[in-house]
Amino acid sequence: MAVTTEAKTYLNYINGEWIASSSEEVTKSISPANKNEVVGYVQKSTKEDLDKAVAAAKAAQASWRKLSGAARGEFLYKVANILEKNLDDIAETMTREMGKTLPEAKGETARGVAILRYYAGEGLRKVGDVIPSTDSEALMFTTRAPLGVVGVITPWNFPVAIPIWKMAPALIYGNTVVLKPAGETVVTAAKVIECFAEAGLPSGVVNMVSGSGSVIGQGIIDHPDINGITFTGSDQVGKQVGQGALARGAKYQLEMGGKNPVIVTNDADLDLAVEATISGGLRSTGQKCTATSRVIVQSGVYEEFREKLVAKVKELKIGDGLEGDTWMGPCSSESQLNTVLSYVEKGKEEGAKLLYGGEKVQEAGLENGFYVQPAVFDGVTSEMAIAQEEIFGPVLALMKVETIEEALQVANDVKFGLSASIFTTNISNMLSFIEDMDAGLVRINAESAGVELQAPFGGMKQSSSHSREQGQAAIEFFTSIKTVFVKG
Ligand SMILES: NC(=O)C1=CN([C@@H]2O[C@H](COP(=O)(O)OP(=O)(O)OC[C@H]3O[C@@H](n4cnc5c(N)ncnc54)[C@H](OP(=O)(O)O)[C@@H]3O)[C@@H](O)[C@H]2O)C=CC1
Ligand SMILES: O=C(O)CCC(=O)C(=O)O
């Protein structure tokens, strides 16, 4: 393919080397802020490339697992320092490649640094327990073994943090990895992998192969030498990953969609609730699995809340994420933009009232980007698609309820259960919410998005495979428990 701009070509990283795909084909990674801007050219890899990466990861695993946890941790500290040194460049690449604002991209990259340091420290923490045996002369304890080669399939919405929160625990517990980053954000992923390369990890411990989901993603699902697969992305692909892994006996972990509610009660601090609804629902252009999408408000404050919310949403500045005054960037791709626009139409057809936004931005200077105005719908009811399906865009659905019981019933009336928040000053409302809300992450007087790296993260119902990522919970997926019985 002819390269028509100055944009650089990014290679696969296999067995410690940067190499081109055997297909000899590349694809363009474009900027969602301006579809005519090429961020880079990336490899359109083949099954043969994946096989090489898996073979390298398999060969490297035996000696990587034999290192002490402390020695593996030293490598992760080095990667963290290199990522920190390159933070500005990587964050800017992220903004150019998927559109989130530069401060958000910097925050995410700094989070990647912190995650690496957290898991580097895990190398010195305990991995097992001593359990009393019924035989008084025996010693019984648990230890943990790595899975082997882990396939990492990641989305485009957190192109630095998600690969790192999967790879860092995989590595510290003695696994080797093959990363398949999302097609939209391969350049950002390649710059993250450059940090691992510069840190001098042994060849084959970390590998990256870019390419389509149907070839490289499916290849990871089917590969007999991949022992575990960790995935974040859509509900539909997640289920394919789970079924494929189960069919060949591989371990899997899935983080998928959300349809996250915020409940605002009659006694809430309304200004705080408005701020948090906007931040939770519209930051990153609503493209977070933890984003607020349903706003369930008690009737006593409904009108006042609605008025304050719409007034603030109208003030948000939409633009290129690299510009200092931009609050919300574009959707990450044309297909995400079209998904948002089609849900806005569906909402109108179903009888919800569009109070504001929901149109493609036509402003001069933004016409070549995938920009959409944030949308606020009024009078949304549970049976509507905009109240049930993950839109993954800046669309807020207002729903009126009378009581806290009704609020919880509406909040739980979806197939997902990832995150949820409530704004209330009443302790019994808080306790009912903690007890009865079916979500893996429940937050009181705080927005629904915002995950802390040291705490378990994952969803209930169809939001995940019921496993948890991050914090010490990660050890459960990336290792197997071995029970040891010793008799002298
Ligand atoms: N929970 C979350 O954090 C996320 C949820 N989503 C949801 O998914 C929707 C679509 O986004 P999209 O990016 O298409 O999400 P996908 O689920 O398609 O993509 C996630 C990852 O899976 C890969 N993949 C795609 N098809 C397969 C396959 N058959 N086998 C294995 N891996 C595959 C993708 O590769 P490739 O990029 O090459 O297609 C990407 O690396 C969004 O609108 C949103 O609703 C999306 C991203 C994150
Ligand atoms: O809210 C966050 O910080 C993390 C969200 C997330 O994991 C996702 O969108 O995939």
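Residues numbered from 1 in each chain as written. Chains lettered and ligands numbered in written order. Predicted model: local features only at pLDDT ≥ 70, side-chain atom pairs only at ≥ 80, totals over all residues. Heavy atoms only, no water.

By the naming in an unreviewed UniProt entry, the chain goes by Aldehyde dehydrogenase family protein and is assigned to Halalkalibacter oceani. Among the UniProt annotations of the chain, the heading Sequence similarities (unreviewed entry) holds the following wording: "Belongs to the aldehyde dehydrogenase family." (UniProt positions renumbered as here; feature names shortened; annotations may be inferred.)

Caption draft 1: The arrangement of the site of ligand 1 in detail. In the vicinity of ligand 1 lie 26 residues, with Thr154, Trp156, Gly183, Ser234 and Met256 positioned nearest. A distance of 2.9 Å separates an oxygen atom of ligand 1 from a polar atom in the side chain of Gln336. Of all the secondary structure elements, the ones that give two or more residues to the shell around ligand 1 are α7 (213-222), β10 (228-232) and α8 (235-247). Looking at the shell around ligand 1 element by element, the count peaks at 4 residues for α7. (Near = heavy atom within 4 Å. Polar contact = N/O pair within 3.5 Å; in protein donor to acceptor, adjacent residues only side chain to side chain. Helix = DSSP H or I, 4+ residues; strand = E, 2+ residues; numbered from the N terminus.)

Caption draft 2: Highlighting the domain arrangement of the chain. For the chain, the assigned domains read domain 1 (8-256 + 464-487) and domain 2 (260-452). Measuring from the centre of the C-alpha atoms in domain 1 to the corresponding centre in domain 2 gives 31 Å. Listed by partner, the interface residues are 25 residues for domain 1 and 28 residues for domain 2. For the pair domain 1 and domain 2, the summed buried surface comes to about 2,100 Å²; carbon and sulfur atoms form 56% of the total. Inspection of the domain 1/domain 2 interface yields 1 salt bridge. Here Asp235 makes a salt bridge to Lys415, at a shortest N to O gap of 2.8 Å. (Domains from an automatic or database assignment. Contact = heavy atoms within 4.5 Å. Buried area = accessible area lost by both parts, 1.4 Å probe. Salt bridge = Lys/Arg side-chain N within 4 Å of Asp/Glu carboxyl O.)

Caption draft 3: Highlighting the site of ligand 2. If you check the shell around ligand 2, you find 13 residues, and the closest are Arg111, Asn157, Cys289, Thr290 and Gly450. Contact distances for ligand 2 include 2.5 Å between an oxygen atom and a side-chain N or O atom of Thr290. Contact between ligand 2 and Gly450: an oxygen atom at 3.1 Å from a main-chain N or O atom of the residue. Protein contacts shield 98% of the accessible area of ligand 2, which totals 300 Å² for the unbound molecule. (Areas by Shrake-Rupley, 256 points an atom, 1.4 Å probe, with all protein chains shown as cover.)

Caption draft 4: Main features of the nonpolar core. The biggest cluster of nonpolar side chains holds 67 residues, and the ones touching the most others in it are Leu76, Leu116, Tyr119, Leu171, Phe196 and Leu201. With 9 residues, the top contributor of residues to this core is helix α5 (residues 161-172). Sequence-distant contacts of Leu116, defined by excluding residues within four places in its chain, comprise Leu76, Val79, Ala80, Leu83, Ile164, Ala168 and Phe196. In this structure, Ile263, Cys331, Ala375 and Met384 belong to the second largest nonpolar core, which totals 31 residues. (Core = buried A, V, L, I, M, F, W, Y, C linked by side-chain atoms within 4.5 Å. Buried < 20%, exposed > 50% of the residue type's maximum accessible area, 1.4 Å probe, protein only.)

Caption draft 5: Inspection of the sheet that holds strand β5 (residues 34-43) at higher detail. Reading across from one edge, β1-β5-β4 is the order of the 3 strands in this open sheet, with mixed pairing throughout. The open sheet has two edge strands with one neighbour each: β1 (9-10) and β4 (26-31). Relative to β5, β1 runs parallel, the two sharing 2 bridges. Residue Tyr10 lies in a different strand from β5, and its bridge partner there is Val42. (Pairing = 2+ DSSP bridges.)

Caption draft 6: Seen up close, the sheet that holds strand β13 (residues 292-298). Taken in spatial order, the 7 strands of this open sheet run β14-β15-β16-β13-β12-β18-β19, and their pairing is mixed. Where the open sheet ends on each side, the last strands, each with one partner, are β14 (353-356) and β19 (441-444). Each strand axis lies, on average, 25° off the axis of its neighbour in the sheet, ignoring direction. Sheet topology places strand β12 (residues 260-264) next to strand β18 (residues 419-423); 3 bridges connect them, and they run parallel. Its bridge partner being in β18, Val264 is matched across the sheet by Phe423. The sheet contacts of helix α11 (residues 334-349) involve β14, β15 (375-378) and β16 (395-401), and relative to β15 the element is tilted by about 20°. (Axes fitted to C-alpha atoms, helices over the stretch in contact; angles between N-to-C directions.)

Caption draft 7: The arrangement of helix α9 (residues 270-282) in detail. End to end, α9 covers 18 Å across 13 residues, agreeing with the expected 18 Å (1.5 Å per residue, within 8%). Across the 13 residues that make up α9, a large majority, 10, are buried. Tucked into the core, α9 has its buried residues touching β12, β13, α10 (302-315), β16 and β18. You can read the cap of α9 off the contacts: a side-chain oxygen lies 3.2 Å from the backbone nitrogen of Asp271, and it is on Asp269. Backbone geometry just downstream of α9 places Ser284 in the positive-phi region, at approximately 55°. (Expected span 1.5 Å × (residues − 1).)

Caption draft 8: Quick look at the environment of Val372. Relative to the elements of secondary structure, Val372 occurs in the loop between β14 and β15. For the pair formed by Val372 and Ala120, sequence separation is 252 residues and the distance between their alpha carbons is 40 Å. The residues contacting Val372, other than those within four sequence positions of it, are Ile318, Met328, Cys331, Leu337, Val340, Leu341, Gly358, Glu359, Lys360, Val361 and Pro394.

Caption draft 9: Representation of unusual backbone geometry. Of note, the phi angle at Asn15 is positive, near 55°, even though the residue is not glycine. By secondary structure assignment, the location of Asn15 is in the loop between β2 (12-14) and β3 (17-19). Given the relative accessible area of 40%, Asn15 is considered partly exposed. Positive phi outside glycine occurs at Lys461, with the angle close to 50°. As for its position among the elements, Lys461 is in strand β20 (residues 460-461).

Caption draft 10: The arrangement of the side chain of Thr292 in detail. Here Thr292 is to be found in strand β13. When its relative accessible area of 2% is taken as the criterion, Thr292 is described as buried. Side chain to side chain, Thr292 and Ser448 meet in a polar contact 2.7 Å long. Those residues in contact with Thr292, other than ones at most four positions away along the chain, are Asn260, Val262, Thr277, Gly280, Gly281, Leu396 and Ser448.

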